[in-house]
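# Reading the structure
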Amino acid sequence: MKASEGIHIVGSGRNGIAISNMFDSHVYLLENPGGHVMIDAGVGLEVDRITENIRREGFDPKEIGHLFMTHVHSDHAGGCAELKKRLGLKVYISKAEAPLLRTGDELGLALDVAKRDGFYPPDYFFPGCEPDVELAGGEKFTFDAFTLEAIHVPGHSPGSTCYLVKIGSRVCLFSGDVVVHGGKLMFLNCVGSDMADMRRSMPKLANLGVQEFYPGHGCIALSNGQNHINTAIEGLRHLVPPPNAL
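Residues numbered from 1 in each chain as written. Predicted model: local features only at pLDDT ≥ 70, side-chain atom pairs only at ≥ 80, totals over all residues. Heavy atoms only, no water.

### Some thoughts on the pairing of strand β9 (residues 147-152)
Rule in force here: Strand pairing is defined by DSSP finding a minimum of two bridges between the two strands. Labels follow the DSSP assignment, with helices taken as runs of H or I lasting at least four residues and strands as runs of E lasting at least two, numbered in each case from the N terminus.
The pairing of strand β8 (residues 140-142) with β9 spans three bridges and is antiparallel. What sits directly across from threonine 142, in β9, is threonine 147. Hairpin geometry of β8 and β9 is characterised by an intervening segment of four residues between the two adjacent antiparallel strands. The sheet contact formed by β9 and strand β10 (residues 161-167) spans six bridges and is antiparallel. Looking across to β10, one finds that threonine 147 is bridged to lysine 166.

### Re the sheet that holds strand β5 (residues 64-68)
Threshold: In this analysis, axes come from line fits to C-alpha atoms, helices being fitted only over the stretch in contact, and the angle between any two N-to-C directions falls in the range 0 to 180 degrees. For this analysis, residues touch if any pair of their heavy atoms sits within 4.5 Å.
Across the sheet, seven strands lie side by side as β1-β2-β3-β4-β5-β6-β7; this open sheet has mixed pairing. Either end of the sheet is taken by a strand with one partner, and the two such strands are β1 (2-4) and β7 (133-135). Each strand axis lies, on average, 25° off the axis of its neighbour in the sheet, ignoring direction. Most of the contacts of helix α1 (residues 47-56) go to strand β2 (residues 7-11), to which it runs at about 150°, and overall it touches β2, β3 (27-30), β4 (36-39) and β5. Packed on one face of the sheet, helix α3 (residues 80-87) meets β4, β5 and β6 (90-94) and runs near 165° to β5.

### A look at unusual backbone geometry
Under the convention used in this document: Throughout, exposure labels follow a simple rule: accessible area from a 1.4 Å probe, protein chains only, divided by the maximum for the residue type, with under 20% read as buried, over 50% as exposed, and the rest as partly exposed.
At alanine 110, a position not held by glycine, the phi torsion is positive, near 55°. Along the chain, alanine 110 falls in the loop between α4 (98-103) and α5 (111-116). Here asparagine 224, not a glycine, exhibits a phi torsion of approximately 55°, which is positive. Residue placement: asparagine 224 occurs in the loop between β14 (212-215) and α7 (225-235). Here asparagine 224 falls in the exposed class, since its relative accessible area comes to 51%.

### Notes on the packing of α1 against α3
Put simply, the rule is: To sort the angles, those under 35 degrees are grouped as roughly parallel, those over 145 as roughly antiparallel, those from 65 to 115 as roughly perpendicular, and the leftovers as oblique. Here is the rule for handedness: rotate from the far helix to the near one, and if that takes an anticlockwise turn smaller than a right angle the crossing is left-handed, while a clockwise turn gives right-handed. Amino acid classes used here: Ala, Val, Leu, Ile, Met, Phe, Trp, Tyr, Cys and Pro are nonpolar; Asp, Glu, Lys and Arg are charged; the rest, including Gly, are polar.
It is at 10 Å that the axes of α1 and α3 come closest, and there the two elements cross at 55°. Overall, the two elements α1 and α3 adopt an arrangement that is oblique. Crossing of α1 over α3 shows right-handed handedness. Residues Val47, Asp48 and Thr51 of α1 pack against Glu82, Leu83 and Arg86 of α3. The residue makeup of the contact of α1 with α3, split by class, is two nonpolar, one polar and three charged.

### Some remarks on the pairing of β6
With respect to burial, β6 is a largely interior element, four of its five residues being buried. Bridge count between β5 and β6: three bridges; the pairing is parallel. Following the sheet pairing, leucine 67 is matched in β6 by valine 91.

What follows is the structure in structure tokens.
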């Protein structure tokens, strides 16, 4: 599904537009003549549906050169290993979560809790994937069609990373599960999710002038994207838990 000029949603499950496996996060494809770029990989249970969606959008999956991960929770990163195997793309992940991507450690991913609570099938396992590039945050990449900057925003998970993409005069933010539509903050009651980390790191997203806002789940925003981010930042400034926490 074309979201805007040069940006496509090629995977999305029950918390989105239901075009791939029900457990998938949004999976984005950014057009780039020298090798297209994906952001996130879905859960990995029906990778064929994602590659078929890519073809329906008019692209050859083998022309995708780069896969940037927002974090390693299974709905975003479980498909990473299979996509790398099939397409030979380069995988980018936060240095803080690279060991979890490699090993698929169930306890470190809180996958045991997630399966117990019905977020994934009981027999689901996370296939480990060797990353090619480990990100500390602050890295900037120049592609043919756009620039991309990694912004490390721990809180939802230790390595959560947002990607600021500039396409000409357009300013786009891919936020993963750091913040979603309406400025909602996604905290989890499990290892690695930390409100104090979120409070310290969210100001990195202030004053970016974001127009287009692409979260990991739910609605996107094609204008006034910074408003959603500002709502999230404001919610973390008070003594009581933020009213916009999910």
